[in-house]
Amino acid sequence: MRKAIAAYANDAEVPDVNGLALKAMSLGKDLFRKGKNVVLNVSDMESKVRDATSGEKWGPSGTLLNEISMATTDPAHLEVVLQCLWERLKESGSSWRKCYKALNVIDYCLKNGARRFVDAVRDNIDRIEACKRFQYIEPDTGKDQGLNVREKCKALVDLIESPERLAEEREKARKARDRFHNSSSGGVSS
């Protein structure tokens, strides 16, 4: 009997219980979030921005960031994206990840989004500069998580205030998109 149990335990087809539990929990969170969005009448674009700026430990996927930046070409979506990002920048304390991720989404959209996005962010730079005073010290570890937000904020403000550098970053992002598009479509990349 013990040999049978040992053989079963060593079998490669035995499901990883921890992995299954994590997948089930992730699926449950996803279903809850989608249900909440339906009840609160949250648009698809707002839902994407909220997902990209969630309080989870991991960052948004490149696909999600790309979808958000491409949506900034539509004036209606641009307003939704900006409104959601401005709300996330108001987060404080233990919600530091939401603020930090909002700054990351702004950074990505500055480099990859519509010119109108750049203009709107430049017109509202004071909202970003307010994050320079972000404070949060992790109670368990004593780590200054606000430092992440303050440093990202400073880098973003420097980028926004330097039209030449921003133009260079947008050109680098365009070339990277072109390279990726050529390689994913079977074309020759340089």
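Placed above this text is the structure.
Reference entry: report on the structure contained in this document. (Residues numbered from 1 in each chain as written. Predicted model: local features only at pLDDT ≥ 70, side-chain atom pairs only at ≥ 80, totals over all residues. Heavy atoms only, no water.)

**Concerning the overall build of the protein chain**
This is how it is decided: A run of H or I in DSSP counts as a helix once it spans at least four residues, and a run of E counts as a strand once it spans at least two, with each numbered from the N terminus. Contacts are assigned to residue pairs that have any heavy atoms within 4.5 Å of one another. To measure how exposed things are, a 1.4 Å probe is used in the Shrake-Rupley method; for residues, cover is taken only from the protein chains shown.
The helix and strand inventory of the protein chain stands at 10 helices and zero strands. Listing every helix and strand of the protein chain by position from the N terminus yields α-α-α-α-α-α-α-α-α-α. Excluding contacts between residues fewer than 6 apart, the proportion of contacts in the protein chain whose partners are at least 24 apart in sequence is 66%. For the protein chain, the exposed surface amounts to about 12,100 Å²; the carbon and sulfur share of it is 54%.

**A few points about the packing of helix H3 (residues 44-52) against helix H5 (residues 75-89)**
We apply this condition: Lines are fitted to the C-alpha atoms to define the axes, a helix being fitted only along its stretch in contact, and any angle between axes, read from their N-to-C directions, falls within 0 to 180 degrees. The handedness criterion is simple: a crossing whose near helix is rotated anticlockwise from the far helix by less than a right angle is left-handed, and one whose near helix is rotated clockwise is right-handed. Under the grouping applied here, Gly and all other residues not named as nonpolar or charged are polar, the nonpolar ones being Ala, Val, Leu, Ile, Met, Phe, Trp, Tyr, Cys and Pro and the charged ones Asp, Glu, Lys and Arg.
At a minimum axis distance of 9 Å, the contact between H3 and H5 shows a crossing angle of 35°. Seen along the crossing, H3 lies across H5 with a hand that is right-handed. Here Met-45, Glu-46, Val-49 and Arg-50 of H3 lie close against H5, whose contacting residues are His-77, Val-80, Val-81, Cys-84, Leu-85 and Arg-88. In terms of residue class, the contact of H3 with H5 is made up of six nonpolar, one polar and three charged.

**Side note on the environment of Tyr-100**
Note the cut-off: Type-normalised accessible area, obtained with a 1.4 Å probe on protein chains alone, sets the label of each residue: buried when under 20%, exposed when over 50%, and partly exposed for intermediate values.
With respect to the helices and strands, the residue Tyr-100 is situated in helix H6 (residues 96-112). For Tyr-100, a relative accessible area of 27% translates into the label partly exposed. Once the C-alpha coordinates of Tyr-100 and Gly-59 are considered, the two residues, 41 residues apart in sequence, prove to be 9.9 Å apart. If near-sequence neighbours (up to four positions away) are discounted, Tyr-100 is found in contact with Asn-148, Val-149 and Lys-152.

**Points about the nonpolar core**
Nonpolar side chains in soluble globular proteins generally cluster together in the buried interior. Here is the rule: For our purposes a nonpolar core is just a set of buried Ala, Val, Leu, Ile, Met, Phe, Trp, Tyr and Cys residues, chained together by side-chain atoms within 4.5 Å.
In terms of nonpolar packing, the biggest core is built from 38 residues, with Leu-89, Ile-106, Leu-110, Phe-117, Val-121 and Ile-128 touching the most fellow members. Per element, the largest residue contribution to this core is eight residues, and it comes from H6. When residues no more than four places from it in sequence are discounted, the contact partners of Ile-128 are Trp-86, Leu-89, Leu-103, Ile-106, Val-121, Cys-153, Leu-156, Val-157 and Ile-160.

**Some remarks on helix H7 (residues 115-123)**
Just so we agree on the cut-off: Directions drawn from the helix axis to the C-beta atoms are what define this arc.
Among all positions in H7, only Phe-117, Val-118, Ala-120 and Val-121 are buried. Each buried residue of H7 lies within a common arc of 165° when the element is viewed along its axis, so the set occupies one face.

**Here's the deal with helix H4 (residues 62-71)**
Considered for burial, the residues of H4 that qualify are Leu-64, Leu-65, Ile-68, Ser-69 and Ala-71. Each buried residue of H4 lies within a common arc of 160° when the element is viewed along its axis, so the set occupies one face. Each element contacted by the buried residues of H4 is listed here: H3, H5 and H6.

**Some thoughts on the pattern of salt bridges**
Where we set the bar: For salt bridges, the criterion is a side-chain nitrogen of Lys or Arg within 4 Å of an Asp or Glu carboxyl oxygen.
According to the stated counting rule, one finds 13 salt bridges in the structure shown. For Lys-111, the salt bridge is made with Asp-107, and the minimal N-O distance between the two is 3.3 Å. With Lys-111 and Asp-107 both in helix H6, this residue pair falls four residues apart, about one helical turn. Residues Asp-178 and Arg-174 are paired through a salt bridge, measuring 2.6 Å at the closest nitrogen-oxygen approach.

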